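# Overview (structure and organization)
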Amino acid sequence: LYAGVSGTGKVYKVTAGGATMIADTGDAHVLSMFFDRQSKRLYLGCGEQGNVYSVGKDGRLRAEYHSNDHLVTGVCRTRGGDLFITTAGAGHLIR
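It should be emphasised that the depicted structure is a prediction, and the values quoted were computed from it without experimental measurement. Residue indices follow the written sequence of each chain, beginning from 1 at its first position. Selection of residues for local features in this predicted model requires a pLDDT of at least 70, selection of side-chain atom pairs for listing and counting requires 80 or more, and totals for whole chains, interfaces and linings are taken over all residues. Values reported for side chains reflect all heavy atoms of the structure, with hydrogen atoms and water molecules removed beforehand.

### Points about the pattern of salt bridges
A side-chain nitrogen of Lys or Arg and a carboxyl oxygen of Asp or Glu constitute a salt bridge if their distance falls within 4 Å. According to the stated counting rule, one finds three salt bridges in the structure shown. For the salt bridge of aspartate 58 with arginine 60, the shortest nitrogen-to-oxygen distance reads 4.0 Å. The pair formed by aspartate 58 and arginine 60 is uniform in burial state, with each residue classed as exposed. A salt bridge links arginine 95 to aspartate 82; the nearest nitrogen and oxygen atoms lie 2.5 Å apart. Taken together, the residues span a long stretch of sequence, with arginine 95 in the segment after β10 (93-94) and aspartate 82 in the loop between β8 (72-77) and β9 (83-87) at a distance of 13 residues. Only protein chains enter the accessibility calculation, which uses a 1.4 Å probe; a residue is then buried when its area is under 20% of its type maximum, exposed when over 50%, and partly exposed in between. A run of DSSP states H or I qualifies as a helix once it reaches four residues; a run of E qualifies as a strand once it reaches two. Both are numbered from the N-terminal end.

So, in structure tokens, the structure goes:
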């Protein structure tokens, strides 16, 4: 189980033993998350700066995309590897 926090931009892995921070995006909000089983990466759609990041098992944060819309409300990856992103504001679906 993963939890993205609005107000801090941090992401936590939650287990029966508690929560451990696995990423600090530097953005204000984590608005959407998607775990890609193929790449074993957790994708994060963030707010206020319109960024999409992914984090792997090694805990390293990787910038994946930057949108001109300031809120990334959805993110997913297809089996073919295409990344789809939805945004608020102007409301775009980006491939």
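Next comes the rest of the description.
### Observations concerning the sheet that holds β10
The strands that make up a sheet are held in pairs by hydrogen bonds between backbone atoms, and each pair lies either parallel or antiparallel. Only when DSSP finds a minimum of two bridges between them are two strands counted as paired. Reading across the sheet, the three strands line up as β8-β9-β10 and stay open at both edges, with antiparallel pairing between neighbours. On the outer flanks of this sheet lie β8 and β10, each paired with one strand and no other. Bridge count for β9 against β10 is two bridges, and the pairing is antiparallel. Its bridge partner being in β10, isoleucine 85 is matched across the sheet by isoleucine 94.

### Examining the packing of aromatic side chains
Two rings belonging to Phe, Tyr or Trp (six-membered ring only in the last case) form a pair when the distance between their centres is within 6.5 Å. Interplanar angles under 30 degrees mark stacking, angles over 60 mark edge-to-face geometry, and anything in between is tilted. Counted according to the given criterion, the structure contains one aromatic pair. Between the aromatic rings of tyrosine 2 and phenylalanine 35, the centroid separation amounts to 6.4 Å while the plane-to-plane angle is 15 degrees, which identifies the pairing as stacked. You can see tyrosine 2 sitting in strand β1 (residues 2-4) and its partner phenylalanine 35 sitting in strand β4 (residues 29-36), a full 33 residues away along the chain. Here phenylalanine 35 falls in the partly exposed class, since its relative accessible area comes to 36%.

### As for the sheet that holds β4
With antiparallel pairing, the four strands of this open sheet are ordered in space as β4-β5-β6-β7. The open sheet has two free edges, formed respectively by β4 and β7 (61-66), since each of these has just one partner strand. Looking at each pair of strands side by side, their axes are set apart by 25 degrees on average, direction ignored. Helix axes are fitted to C-alpha atoms over the stretch in contact, other axes to C-alpha atoms as well, and angles between N-to-C directions run from 0 to 180 degrees.

### Observations concerning the side chain of aspartate 36
Mapped onto the elements, aspartate 36 comes out in strand β4. Although aspartate 36 is buried, it forms no salt bridge, and the closest oppositely charged side chain is arginine 77 at an N-O distance of 4.0 Å. We call two residues in contact when some of their heavy atoms are within 4.5 Å. Excluding residues that lie within four positions of it along the chain, aspartate 36 makes contacts with Arg41, Tyr43 and Arg77. In this tally Asp and Glu are treated as negative and Lys and Arg as positive; neither His nor the chain ends contributes.

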